[in-house]
Structures are given as C-alpha cells and as structure tokens.
Amino acid sequence: MEALRSAGPANVPTITGEQFAALEEELGKGPSAHGFEDERWTLARVQTVIRRRLRVSLSVATVWRLLKRHGWSWQAPARRALERDEHAVELWKKEVWPRVKGSRRPTGVGSSSRTKPASR
C-alpha cells in the first residue's frame, strides 16, 4: 500500500518564491542589462537569464508556465506603426492577394496516392 501512496503533484514549482522575486528584479533591469541588443523580452531570453542568474535549467514551455502562474503575460504592440498606409494595405488585400493566393486544389487529373502518378 505504501508504494501506491501519492508522491504529491507532478508539477512542483522548480523555482522558489525567493528565486522568482530575484528573477523579477533581474527582468526589471531590462534586456540590455543582460547583454541583449534590443528591449524585447522573449521566452528564450528569460530562459537564459534564469539559467545564468538562478543556475536552473528550464524548458521554454516551463518558463512560459512559470511566468503565467505569477501573473505575467505576453505583450503586443499597443498601436500600429506610424508608417502603415491603410489604403495601400486594403488595396493589396483586394487586388494582389487573390492572385498570389491561388487555388489549393490541382486543376488536372490527380491521384490520391503521393507515390503513384495518376492513371488514365
């Protein structure tokens, strides 16, 4: 019966609360403080900071779950680029995209087999 007893939850946090507080402090310094060329945090960059500062190796998926559990979310730009020309975008969607997109189905005689050519 002892062998059948639960060992606890499978997803025990791999980083303690104190470690996460230290991670938040490091993330607050910004990516450039950690040697990255621009001011964007990616999961891979956060993973690198965790490995360097906390000496813990986590997968990118685990980093995402860890950040999400602590209230962090992915960020998207708040507005569109100033250079964006809405009229040109709509024109492209109406005139160019239908020509580029094309049809998904072949127009000729085909076969359901990828290895045998169509028989006639």
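Data block above holds the structure.
All values derive from a computational prediction rather than experimental measurement.

With that settled, the discussion passes to helix α3 (residues 60-69). All of the buried residues in α3 are V63, L66 and L67. Along the axis of α3, the buried positions cluster into a sector of 95°, meaning they face one direction only. Those residues of α3 that are buried are in contact with α1 (17-28) and α2 (43-54). G71 lies just past α3 and shows a positive phi near 90°.

Looking now at a nonpolar patch on the surface. A surface patch of nonpolar side chains, about 330 Å² in accessible area, is lined by W92, W97 and V100. Following the sequence through the fold, W97 ends up in helix α4 (residues 86-101).

Attention shifts here to the pattern of salt bridges. Counted according to the given criterion, the structure contains eight salt bridges. R84 is the salt-bridge partner of E86, the closest N and O atoms lying 2.7 Å from each other. According to the relative accessible area criterion, R84 is partly exposed, its value standing at 34%. Connected via shared salt-bridge partners are E37, D38, R40 and R45.

Turning to the nonpolar core, a few remarks are in order. Formed by 14 residues in total, the largest nonpolar core has its most connected members in I15, L23, I50, L58 and L66. Elements that contribute at least two residues to this core include exactly α1, α2 and α3. Considering each element in turn, this core owes the most residues, four residues, to α2. Discounting residues that sit within four places of it in the chain, L58 has contacts with T14, I15, Q47, I50, V63 and L66.

On to the packing of aromatic side chains, then. Counted under the stated rule, the structure contains two aromatic pairs. Ring geometry for F36 and W41: centres 6.2 Å apart, planes at 75°, overall edge-to-face. Residue W41 is classed as partly exposed on the basis of its relative accessible area of 29%.

To continue, consider the side chain of T48. Tracing the backbone through its elements, the reader meets T48 in helix α2. Within polar-contact distance, the side chain of T48 engages the backbone oxygen of A44 at 2.9 Å.

The end-to-end C-alpha distance of α1 is 16 Å, a good match for the 16 Å that twelve residues give at a rise of 1.5 Å each. Of the residues trailing α1, G30 is marked for its positive phi of about 95°.

Procedures and definitions
- Residues numbered from 1 in each chain as written.
- Predicted model: local features only at pLDDT ≥ 70, side-chain atom pairs only at ≥ 80, totals over all residues.
- Heavy atoms only, no water.
- Buried < 20%, exposed > 50% of the residue type's maximum accessible area, 1.4 Å probe, protein only.
- Helix = DSSP H or I, 4+ residues; strand = E, 2+ residues; numbered from the N terminus.
- Arc of directions from axis to C-beta.
- Contact = heavy atoms within 4.5 Å.
- Patch = residues over 30% accessible without salt bridge, like charges linked within 9 Å, V, L, I, M, F, W, Y side chains within 5 Å.
- Areas by Shrake-Rupley, 256 points an atom, 1.4 Å probe, with all protein chains shown as cover.
- Salt bridge = Lys/Arg side-chain N within 4 Å of Asp/Glu carboxyl O.
- Core = buried A, V, L, I, M, F, W, Y, C linked by side-chain atoms within 4.5 Å.
- Phe/Tyr/Trp six-rings, centres within 6.5 Å; stacked < 30°, edge-to-face > 60°.
- Polar contact = N/O pair within 3.5 Å; in protein donor to acceptor, adjacent residues only side chain to side chain.
- Expected span 1.5 Å × (residues − 1).

Note that all results are geometric; they support no functional claim without further evidence.
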